[in-house]
Amino acid sequence: MKAFCNWMDERSRLVKILFCLPFIDIIWGVYRLGGAIANKNVLHIVLAVLWILFAAFIGWVADLVCIILFNHICWFQE
């Protein structure tokens, strides 16, 4: 999973923006989950699963704004 997270981090801003589109934003949910599993952080794992289940339909807006402004998704910085 760490390799997937690193691969996502290396993508250009345009690709990251495309991944923020509605329903495709699930990719960022998997990214969150992978990072949480790699860091063995139970709270982040639970929050990532909740993001995938409930916030993918509206969370893409927060991700899109954060990618445009900061080039990183709306999530905990490790």
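Residues numbered from 1 in each chain as written. Predicted model: local features only at pLDDT ≥ 70, side-chain atom pairs only at ≥ 80, totals over all residues. Heavy atoms only, no water.

**Concerning the pattern of salt bridges**
It is possible for side chains bearing opposite charge to pair when their charged atoms get close.
Turning to step 1, where the next piece is worked out: One pass over the full model with this rule turns up 2 salt bridges.
Turning to step 2, where the next piece is worked out: We note a salt bridge from R11 to E10, for which the minimum N-O separation is 3.9 Å.
Turning to step 3, where the next piece is worked out: Its relative accessible area of 26% is what places R11 among the partly exposed residues.
Turning to step 4, where the next piece is worked out: A residue is classified by how much of its surface remains accessible, and E10, at 59% relative accessible area, is exposed.
Turning to step 5, where the next piece is worked out: Between D63 and R32 there is a salt bridge, with its nearest N and O atoms 2.4 Å apart. Here D63, found in helix α5 (residues 59–70), pairs with R32, found in helix α3 (residues 26–39); they are 31 residues apart in sequence, far enough to count as distant. The exposure classification of D63 matches that of R32, with both residues buried. (Salt bridge = Lys/Arg side-chain N within 4 Å of Asp/Glu carboxyl O. Buried < 20%, exposed > 50% of the residue type's maximum accessible area, 1.4 Å probe, protein only. Helix = DSSP H or I, 4+ residues; strand = E, 2+ residues; numbered from the N terminus.)

**A closer look at a nonpolar patch on the surface**
Turning to step 1, where the next piece is worked out: Taken together, the side chains of V42, V46, V49, L50, L53 and F54 define a hydrophobic patch exposed on the protein surface, amounting to about 570 Å² of accessible area.
Turning to step 2, where the next piece is worked out: Here V49 lies in helix α4 (residues 42–55). (Patch = residues over 30% accessible without salt bridge, like charges linked within 9 Å, V, L, I, M, F, W, Y side chains within 5 Å. Areas by Shrake-Rupley, 256 points an atom, 1.4 Å probe, with all protein chains shown as cover.)

**A word on unusual backbone geometry**
Turning to step 1, where the next piece is worked out: Not every positive phi belongs to a glycine, and F23 is a case in point at roughly 70°.
Turning to step 2, where the next piece is worked out: Inspection of the secondary structure puts F23 in the loop between α2 (13–19) and α3.
Turning to step 3, where the next piece is worked out: Even without glycine at this site, N71 takes up a positive phi of about 60°.
Turning to step 4, where the next piece is worked out: Tracing the backbone shows N71 in the segment after α5.
Turning to step 5, where the next piece is worked out: Residue classification places N71 among the partly exposed residues on the basis of a relative accessible area of 27%.

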